[in-house]
Amino acid sequence: MKKIFISFLILCVLFSGTTSAQTPSLTPTAKPTDETTTQKLSNQINNLKEKIASRVAQLNLVEKRGIIGTVKEVDGTKIVVTDLNDKTRNIDVDEITKFSSSSAKATFGISDIKPGTKLSILGLYNKDSERILARFITVISTPLTITGAVSKIDDDEFTITVSTENGQNYIVDVENITRTLEYIDNEVVKSGFSKIETGERVMVVGYTQSGQSSRLVGTRILLFPELLRNPKIILKTDTDEIVPSSGSGKVITPIR
Amino acid sequence: MKSERIILSFVAIIIGLLVAGGVFFLYQLTKKLPPEKAQSISLKSPATPTPQTPSQLSILQPQDEEIFSKKTITISGKTSPDATIVVSSPTDDQVVKPTRNGDFSVTHTIGDNSTIITVLSIFPDGREEKLTRTVNYTSEEF
């Protein structure tokens, strides 16, 4: 009898896991009508949840942005531009996109946009497709801002040559519209063409003339007489200053 | 006699379970992951950084290509504390000195549509660093 009892106990221990898994749920079963109503409500809530999630995702995916770009290509309702970082951007145009140009007639549209035109594009940027659905397209002209050092002053022509860090030289026309300023004693004060000195650090804001990318009409010239010139800018006068001598009194000038 | 039968059946169950467990263990041992399903892990040595001077100018706001509904915006950022900051737009230039921890902030008026803001940091040794931001103004909702 004892043996039977022990074996029964072992069997109970061994099969306890399986029996517990098969134990039916003790929760009371709801009435069939209540169940269907709950199911319907649950489905509706889930649908609503999905809709909200989808809308949130959509809103996160699209944001308002504005870019400046030079037109590369116009094709139907698509404009391809190159932005300020030389990146190609795709612009989509639809029936509610508004076009404007200060120099154009009242009816200005996509057909009037030609390659090379600079545009300001405000619209909805899709982070996924990286395309902009344009809402406002305006033809603009942006000034050029150059920083460097004054390498040449032409008193007759009223021009200054500005050499930049990358070795480029710009001729800046100083005209009546040009405001010349200087930064002295932590203050920006008025200055003039006569005060500009060769080798001075300068920042120029101006507009390039058509077909001349290295010549601009200065709208503002800001001089920094108290600040050191960029060491990366080597002016022609710097090399001219060092004249090697043979030691016998004869001056050797370098062959150019 | 009855008790013997029960014990025997119990022993048979135990043996059966052991045999089944053994067979399952052996089956698991023979299982091999096909090479196409195996994910290869490669450890790459970190790329040698190109020697270049770290950027000493950053713009916190505005974000590039941001659209504003007001024409007066704040331009803020961080640079070297001894630098001179020039904030320039097509209409105006502002020259400021950063705080002791290098922070700077200026308010600037922008034009219609898109404006390019240039932030120039001039360091005491004459070096400079320049960053630009395209900012936009529109009063229209879209």
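Keep in mind it's a predicted model, so treat the numbers as computed, not measured. (Residues numbered from 1 in each chain as written. Chains lettered and ligands numbered in written order. Predicted model: local features only at pLDDT ≥ 70, side-chain atom pairs only at ≥ 80, totals over all residues.)

Student: Is there a simple way to think about the overall build of chain B in this case?
Tutor: Each helix and strand in chain B was counted, giving 1 helix and 8 strands. N-terminal to C-terminal, the α/β element order of chain B is α-β-β-β-β-β-β-β-β. Per-residue burial over chain B gives 25% buried out of 142 residues. Considering only contacts within chain B whose residues lie at least 6 apart along the sequence, 51% involve residues at least 24 apart. (Helix = DSSP H or I, 4+ residues; strand = E, 2+ residues; numbered from the N terminus. Buried ≥ 20, exposed ≤ 12 C-beta atoms within 10 Å, placed from the backbone. Contact = placed C-beta atoms within 7 Å.)

Student: Would you explain the pairing of strand S11 (residues 187–190) of chain A in this entry?
Tutor: Residue and element names in this part refer to chain A. Sheet analysis places strand S10 (residues 179–184) next to S11, joined by 4 bridges and oriented antiparallel. In the strand pairing of S11, Glu182 is matched with Val189. The antiparallel pairing of S10 with S11 creates a hairpin that spans 2 residues between the two strands, and Asp185 there sits at a positive phi of about 50°. (Pairing = 2+ DSSP bridges.)

Student: Help me out: how do you make sense of the sheet that holds strand S4 (residues 84–88) of chain B in this one?
Tutor: Where strands meet in a sheet, backbone hydrogen bonds hold them as pairs that are either parallel or antiparallel. Residues and elements named next belong to chain B. Pairing is mixed in the open sheet, where 5 strands are placed in the order S2-S8-S7-S4-S5. Bordering the open sheet on either side are strand S2 (66–68) and strand S5 (93–96), each of which pairs with just one other strand. Neighbour-to-neighbour, the strand axes of this sheet turn through a mean angle of 25°, independent of strand direction. Here S4 runs beside strand S7 (residues 113–122); their pairing, made up of 5 bridges, is antiparallel. By the bridge assignment for S7, Val87 is matched with Val119. (Axes fitted to C-alpha atoms, helices over the stretch in contact; angles between N-to-C directions.)

Student: Even after reading the chapter, I still don't get the interface of chain A and chain B, so can you show me in this structure?
Tutor: When the parts of a complex come together, some accessible area is lost, and that lost area is often used as the size of the interface. Between chain A and chain B, the residue contacts involve 34 residues of the former and 29 residues of the latter. Those elements that provide at least two residues to the side of chain A that touches chain B are helix H1 (2–14), strand S1 (62–75), strand S5 (118–126), strand S6 (131–139), strand S7 (144–154), strand S12 (201–209) and strand S13 (212–224) of chain A. For the side of chain A that touches chain B, the class distribution of residues is 19 nonpolar, 9 polar and 6 charged. (Nonpolar A, V, L, I, M, F, W, Y, C, P; charged D, E, K, R; others polar.)

Student: For this particular structure, what's the right way to read helix H1 (residues 2–30) of chain B?
Tutor: Note that an α-helix has 3.6 residues per turn; residues three or four places apart therefore point the same way. The terminal C-alpha atoms of H1 of chain B lie 42 Å apart, and with 29 residues this matches the ideal 42 Å at 1.5 Å per residue to within 8%. With 0 of 29 residues buried, H1 of chain B is to be regarded as a mostly surface element. (Expected span 1.5 Å × (residues − 1).)

Student: Just checking my understanding: could you explain the nonpolar core for this structure?
Tutor: The nonpolar side chains of soluble globular proteins are, as a tendency, buried together. Within the largest apolar cluster, 35 residues are counted, with the highest numbers of intra-cluster contacts made by Val162, Val172, Val202, Val204 and Ile221 of chain A together with Val86 and Val119 of chain B. Looking at which element gives the most residues to this core, the answer is S13 of chain A, with 5 residues. In terms of nonpolar packing, the next biggest core, distinct from the first, is built from 16 residues, Ile91, Ala134, Phe136 and Ile137 of chain A among them. (Core = buried A, V, L, I, M, F, W, Y, C linked by C-beta atoms within 7 Å.)

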